[in-house]
2 protein chains.
Amino acid sequence: MLAATQETSAIDLIREKLTQAPAILQEVGVDCWITFVRESLECPDPVLPLIFPYSLTWQSALLVTRSGERIAVIAGHDAEAVESIGTWDRIEGYLDGVREPLQRLIAELNPQSIALNYSADDYMADGLSHGMYHRLREYLPEHVDRFVSAERVIRAVRGRKSPAEIERIREAITTTRQIFENTAAFVRVGTSEVAIAEFMRAQARDRGCGLAWDPAMCPIVTSGPDSMLGHAVPSESITVQPGRILNLDFGIRQNGYCSDLQRAWYVPEKGETQPPKDVQRAFDTVQRAIDAAIKTIRPGVPGWQVDAAARKVITDAGYPEFDHGTGHQVGRCAHDGGGSLAPKWERYGASAEIPLEVGNVFTVEPSITDVAGRGYHAIEEIIVVTEDGCEFLSQPQQQLWMLDVG
Amino acid sequence: MLAATQETSAIDLIREKLTQAPAILQEVGVDCWITFVRESLECPDPVLPLIFPYSLTWQSALLVTRSGERIAVIAGHDAEAVESIGTWDRIEGYLDGVREPLQRLIAELNPQSIALNYSADDYMADGLSHGMYHRLREYLPEHVDRFVSAERVIRAVRGRKSPAEIERIREAITTTRQIFENTAAFVRVGTSEVAIAEFMRAQARDRGCGLAWDPAMCPIVTSGPDSMLGHAVPSESITVQPGRILNLDFGIRQNGYCSDLQRAWYVPEKGETQPPKDVQRAFDTVQRAIDAAIKTIRPGVPGWQVDAAARKVITDAGYPEFDHGTGHQVGRCAHDGGGSLAPKWERYGASAEIPLEVGNVFTVEPSITDVAGRGYHAIEEIIVVTEDGCEFLSQPQQQLWMLDVG
């Protein structure tokens, strides 16, 4: 595993995941893992960036075996670029189609189980399209009964973050914190949600960073009771006003890894030196909910227990329950798949049942939708699961900030 | 249909596609078309940007019916943003999961055929993941035998470009031409492939444009016989040298639409005022191949016939055949799916058999891999299929340019 302090390249991180994979295949009892893609730029398998740095055009099979072989079956037109990466021991280039070389290879390897990237529950392990699954059935008719879901493989390869990966997430968080600070200094009473969003996006761009999610909703700006809720688009006409809560949900992608944080400010009325009691109570309740989640997190605990602990604090305080999970994994993506800290609602599938593992990085983000007509309030922190619990990767916001409105 | 000259917004273009869709459903005999996605940022269905401007987080079903209804079944947390778009007549928000509202809706609509986004042949119609297909089977057990591939729907909605779409592609081409011109003025003998690539990417960035494909390979720079071939990564150490061909393959994404063009220069030796005969002959052969393709293109012709016409010119001239198709569609994506101008190789699936339609936009890009040890040579133009043939959207390169090496 790469040391956290060492300078690591994008290819180093990919090599690390490819090195991690065979032991995981052994652990879950899979002989061969195939990532099968085409036109991966427009039809990306979310696994690809973990194990491969470029897009692939025609049908391409990337195989990793339990014994550690790495074999790429790809169109010859893509082959020189793949050779230049240096991570694939064997490259089978074709002109006509993938069928013949893939059949020959599988006959040679004779794997008793073939893990494919499909999963009804885990979107990050579900990059194989239905049409491509059909093709594989057609290409490997004698092996169809050996096909299994790669969800356990992908969950481990993606979810067990290495020190080098955690360091990158930490760096993305540090940059995000600076952007929050600059934003708080920029905002005045009357600043529109759109102006705040544009300022934050420019701050990310000026630092050479991407956004962690859909730019139309990154950041989500809620500046009072009239703001759009949920995955929201900032408004031109809604502005920051005294007596309300300003909540910002923002994340960046820096060196391939993401942050996802929420910070909150109270916008004081003239003469107010501290938040009103109803606002302070909401902040304190969210803090206690985060605390309850943190205390529940340790390896082996299923995510729904963490969610239940946080959710109970909110509802016990008399607020309605929030309409989302308490947290999700963060990594190369803001929503990084695998287990989640979510209720057992149908939409979370089996993700809420999955036991936490050391190295999993999660958000913790309980919320209150309506704080006495003053707006939405949430705080979102990021933690990493450790041997005996968890630790913050974010510097937690421990008090409700008063926006300096000049 | 939107006039080409009219100022159109991103939402206008989406509305236009949603308006086009019901007539296409009638034409292909489909009652209901469902785009079913989750976490569409990391697991995008390439159909989504055609009909929806944002990403969607939890399981979301976007239905268009033959009679023109547009219904979105989505998590309540996403609902306010979807309402704000204004293109969905009916929004069913859920808390727990999509199953119950979707079952209820399908029972109400009772479609005899349900088109889903899967296709073994057309990657752009294959955005439904295998895991999500399983979920739909589970949610709609009584309707499984009504599931059909939406490939014909998507092929028509995506492939029949409107005047407003063609205008955007034209604008992307114009910008690309300016970038080629500036690049030719920038390049000197000794300029590395990486320096050329960085220059061109900066030119796109400075104009607020994205790249049309994987930045690692956009542009593809081939500056002589030692360059990487195919989908290639530019080299630090390989530089522009006299007596060689400089070939650039580049595309941008501007206002949501792409270009994809190849241009070629000969780098003269001291005192040379025109290209050597072997280079001129390669250029002329590629021109004749493009010409042969152009003359074959008209509505109703399957793409393989166009490919065969261009390919024959190259091989008749004694060059080996190129290892890719003669052309692909261009639109929101550089590789825009549907029918292709490709040989009947397995890797092109049924795409080579599909008859061309009015409004299809294609590249035409025959190539010669090795021109007498002086490098790779190709020209790539873009055409639109018209009622009685086709017309260029690019200003074709009609002579081999001599690079001005100062």
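Every residue gets a number counted from 1 within its own chain, in the order that chain's sequence is written. Numbering of ligands from 1 and lettering of chains from A proceed in the order in which they are written. In view of the model being predicted, local features appear only for residues whose pLDDT reaches at least 70, and side-chain atom pairs are presented and counted only at 80 or more, with totals across whole chains, interfaces and linings using the full set of residues. Calculation of side-chain values draws on the structure's entire complement of heavy atoms; hydrogens and water are dropped beforehand.

Enquirer: Is there a simple way to think about the interface of chain A and chain B in this case?
Expert: Working rule for contacts: check all heavy atoms of both residues, and any pair within 4.5 Å makes them a contact. The interface of chain A with chain B comprises 62 residues on the first partner and 63 residues on the second. When the two sides are added together, the surface that chain A and chain B hide from each other amounts to roughly 5500 Å², 55% of it contributed by carbon and sulfur. Salt bridge criterion: a side-chain nitrogen from Lys or Arg within 4 Å of a carboxyl oxygen from Asp or Glu. On the surface where chain A and chain B come into contact, there are eight salt bridges. For Arg253(B), the salt bridge is made with Glu42(A), and the minimal N-O distance between the two is 3.6 Å. Counted as a polar contact is a pair of N or O atoms within 3.5 Å, where, for protein atoms, one must be capable of donating a hydrogen and the other of accepting one, and residues adjacent in sequence contribute only when both atoms are in side chains. Remark: the boundary between chain A and chain B carries 45 residue pairs in polar contact (both at pLDDT 80 or more). A quick way to say it: buried area is the sum, across both parts, of accessible area lost when two parts are put together, with a 1.4 Å probe.

Enquirer: Before we go on, may I ask you to explain the relation of the copies chain A and chain B in this structure?
Expert: Mapping between the two copies of the chain is achieved by a rotation about an axis and a shift along the axis. Residues reaching a pLDDT of at least 70 in both copies supply the C-alpha atoms on which the copies are superposed by least squares. With an RMSD of 0.0 Å, chain A superimposes on chain B once it is rotated by 180° and translated 0.0 Å along the axis. Put plainly, the chains are arranged around a two-fold axis.

Enquirer: Help me out: how do you make sense of the sheet that holds strand E12 (residues 261-266) of chain A in this one?
Expert: The strands that make up a sheet are held in pairs by hydrogen bonds between backbone atoms, and each pair lies either parallel or antiparallel. All names here are of chain A. One requirement defines pairing of two strands: DSSP has to find at least two bridges between them. Numbering goes from the N terminus for both helices and strands, where a helix is a DSSP run of H or I of at least four residues and a strand is a run of E of at least two. Sheet architecture is open: four strands sit in the order E8-E9-E12-E18, paired in mixed fashion. The strands lining the two open edges of the sheet, one partner per strand, are strand E8 (220-222) and strand E18 (401-402). As paired elements, E12 and E18 share two bridges and run parallel to each other. If you follow Trp265 over to E18, its bridge partner there is Trp401. In this fold helix H7 (residues 163-186) packs onto strand E9 (245-250) and E12, with an angle of close to 25° to the strand it touches most, E12. Axes, fitted as lines to C-alpha atoms, cover a helix only where it is in contact. Angles between the N-to-C directions of the axes lie from 0 to 180 degrees.

Enquirer: I keep staring at the side chain of Thr175(A) and nothing clicks. Help me out?
Expert: Residue and element names in this part refer to chain A. With respect to the helices and strands, the residue Thr175 is situated in helix H7. Any residue under 20% of the maximum accessible area for its type is buried, any over 50% is exposed, and the rest in between are partly exposed; the area is computed with a 1.4 Å probe on protein chains only. For Thr175, a relative accessible area of 9% translates into the label buried. One polar contact links Thr175 to Gln254, side chain to side chain, over a distance of 2.5 Å. With residues up to four places along the chain from it excluded, the contact list for Thr175 reads Arg207, Cys209, Ile252 and Gln254.

Enquirer: Please explain the confidence of the model for chain A as it appears in this structure.
Expert: The predicted coordinates ought not to be read in detail in places where the model reports low pLDDT. Predicted confidence across chain A gives a mean pLDDT of 95, with 98% of residues reaching 70 or more. For this predicted complex, the interface score ipTM comes out at 0.93, while the overall pTM is 0.94. Per-residue confidence from the predictor is reported as pLDDT, a score between 0 and 100.

Enquirer: Would you explain the pairing of strand E13 (residues 361-364) of chain A in this entry?
Expert: It is a general feature of regular strands that their side chains alternate between the two faces of the sheet. Residues and elements named next belong to chain A. Alternating positions in E13 separate into two faces, Val361 and Thr363 on one and Phe362 and Val364 on the other, with burial throughout. As paired strands, E13 and strand E16 (residues 381-386) are joined by four bridges and run antiparallel to one another. If you follow Phe362 over to E16, its bridge partner there is Ile383.

Enquirer: What should I look at first to understand the sheet that holds strand E3 (residues 70-75) of chain B in this one?
Expert: Residue and element names in this part refer to chain B. Judged by pairing direction, the sheet is mixed, and its six strands sit side by side in the order E4-E3-E2-E1-E5-E6 without closing on themselves. Looking at which strands have only one partner, the edges of the open sheet turn out to be strand E4 (90-94) and strand E6 (147-149). Direction aside, the axes of adjacent strands within the sheet are offset by 25° on average. The pairing of strand E1 (residues 32-37) with strand E2 (residues 60-65) spans six bridges and is antiparallel. Within the sheet, the bridge partner assigned to Cys32 lies in E2 and is Thr65.

Enquirer: Could you clarify how one ought to interpret the packing of aromatic side chains in this entry?
Expert: Aromatic ring pairs are reported here in terms of the distance separating the ring centres and the angle at which the planes meet. Aromatic pairs are defined between Phe, Tyr and Trp rings, using the six-membered ring for Trp, whenever the two ring centres lie within 6.5 Å; interplanar angles under 30 degrees are classed as stacked, those over 60 as edge-to-face, and all others as tilted. Overall, the coordinates contain 22 aromatic pairs over all chains when judged by the stated rule. Relative to Tyr348(A), the ring of Trp345(A) has its centre 6.2 Å away and its plane inclined at 35°; by these criteria the two rings are tilted. In this pair, the class of Trp345(A) matches that of Tyr348(A), namely buried. Following the ring pairs from residue to residue traces out a cluster consisting of Phe180(A), Phe250(A), Trp265(A) and Trp401(A). Here, over-ring charges are defined by two tests on the NZ atom of lysine or the CZ atom of arginine: distance to the ring centre within 6 Å, and angle to the ring normal within 35 degrees. Geometry around Phe322(A) places Arg311(A) over its ring, the cationic atom sitting 4.2 Å from the centre. The aromatic ring of Trp304(B) is capped on one face by Lys344(B), whose charged end is 4.3 Å from the ring centroid.

Enquirer: Sorry if this is basic, but what is going on with the side chain of His335(A) here?
Expert: By the secondary structure assignment, His335(A) is in the loop between helix H10 (303-316) and E13. Within polar-contact distance, the side chain of His335(A) engages the side chain of Glu39(B) at 2.8 Å. Excluding anything up to four places from it in sequence, His335(A) contacts Tyr123(A), Met124(A), His328(A), Gln329(A), Glu39(B), Glu42(B) and Thr57(B).

Enquirer: Help me understand the domain arrangement of chain A, please; the structure alone is not making it clear to me.
Expert: Reports often express the size of an interface as the amount of accessible area lost when the parts come together. All names here are of chain A. Segment limits for the domains were obtained from an automatic or database-derived domain assignment. Domain boundaries in chain A define domain 1 (10-158) and domain 2 (160-402). Distance between the C-alpha centres of domain 1 and domain 2: 35 Å. Residue-level contacts link 18 residues of domain 1 with 16 residues of domain 2. Taking both sides of the interface into account, the surface hidden between domain 1 and domain 2 amounts to around 1500 Å²; carbon and sulfur atoms contribute 48%. Broken down residue by residue, the surface that domain 1 buries against domain 2 is led by Leu13, Arg155 and Arg158, which jointly contribute 38%. Joining domain 1 to domain 2, the criterion identifies three salt bridges.

Enquirer: Could you clarify how one ought to interpret the pattern of salt bridges in this entry?
Expert: Side-chain pairs of opposite charge can arise where the charged atoms are in close proximity. A full pass over the atoms with the stated rule returns 48 salt bridges over all chains. Between Glu165(A) and Lys17(A) there is a salt bridge, and its shortest N-O distance comes to 2.8 Å. Taken as a pair, Glu165(A) in helix H7 and Lys17(A) in helix H1 (residues 10-28) lie far apart in primary sequence, 148 residues in all. Taking the relative accessible area as the measure of exposure, Glu165(A) reaches 1% and is therefore buried. For Lys17(A), a relative accessible area of 2% corresponds to the buried category. Of the charged contacts in the structure, one is a salt bridge between Glu381(B) and Arg263(B), with a shortest N-O distance of 2.9 Å. A residue pair is termed long-range when its members are at least 10 positions apart, and Glu381(B) in strand E16 (residues 381-386) and Arg263(B) in strand E12 (residues 261-267) qualify at 118 residues. One network of salt bridges, with partners in common, ties together Arg90(A), Glu92(A), Glu100(A), Arg104(A) and Glu108(A).

Enquirer: What's the story with the nonpolar core in this structure? I'm lost.
Expert: Across soluble globular proteins, you tend to see nonpolar side chains buried next to one another. By size, the foremost hydrophobic cluster in this structure holds 75 residues, and its most contacted members are Trp33(A), Phe52(A), Val153(A), Leu246(B) and Phe250(B). Examining the composition of this core, we find that eight residues originate from one element, helix H7 (residues 163-186) of chain B, more than from any other. Discounting chain neighbours no more than four positions away, the residues touching Val153(A) are Ile24(A), Leu25(A), Val28(A), Val30(A) and Trp33(A). Buried Ala, Val, Leu, Ile, Met, Phe, Trp, Tyr and Cys residues form a nonpolar core when they are joined through side-chain atoms within 4.5 Å.

Enquirer: Please clarify how the environment of Gly76(A) should be interpreted in this entry.
Expert: One can find Gly76(A) in helix H3 (residues 76-85). As for Gly76(A) and Trp58(A), which are separated by 18 residues in sequence, their C-alpha atoms are 9.7 Å apart. When near neighbours in sequence (up to four residues on either side) are disregarded, Gly76(A) contacts Gly93(A), Tyr94(A) and Asp323(B).

Enquirer: Is there a simple way to explain helix H4 (residues 99-109) of chain A in this structure?
Expert: Residues lying three or four places apart along an α-helix face the same way, a consequence of the helix completing one turn every 3.6 residues. All names here are of chain A. Here H4 has its buried residues at Pro101, Leu102, Leu105 and Ile106. End-on view of H4: buried residues confined to an arc of 130°, all on one side of the axis. One or two steps after H4, the chain reaches Asn110, where phi turns positive at roughly 45°. The directions considered for the arc are those from the helix axis to the C-beta atoms.

Enquirer: So what exactly am I meant to see when it comes to H3(A) here?
Expert: All names here are of chain A. His77, Asp78, Ala79, Ala81, Val82 and Ile85 are the residues of H3 that are buried. In this fold, the buried residues of H3 make contact with H1, strand E3 (70-75) and strand E4 (90-94). A positive phi of about 85° marks Gly86, the residue just after H3.

Enquirer: Hey, could you run me through the pairing of E2(B) in this one?
Expert: Residue and element names in this part refer to chain B. Taking burial as the measure, the six residues of E2 include six buried ones, the bulk of the element. Here four bridges tie E2 to E3, and the two strands are oriented antiparallel to one another. Across the sheet, residue Leu63 finds its bridge partner in E3, namely Ile71. Turn length for the E2-E3 hairpin, with the two strands adjacent in sequence and antiparallel, is four residues, and the turn residue Gly68 shows positive phi of about 100°.

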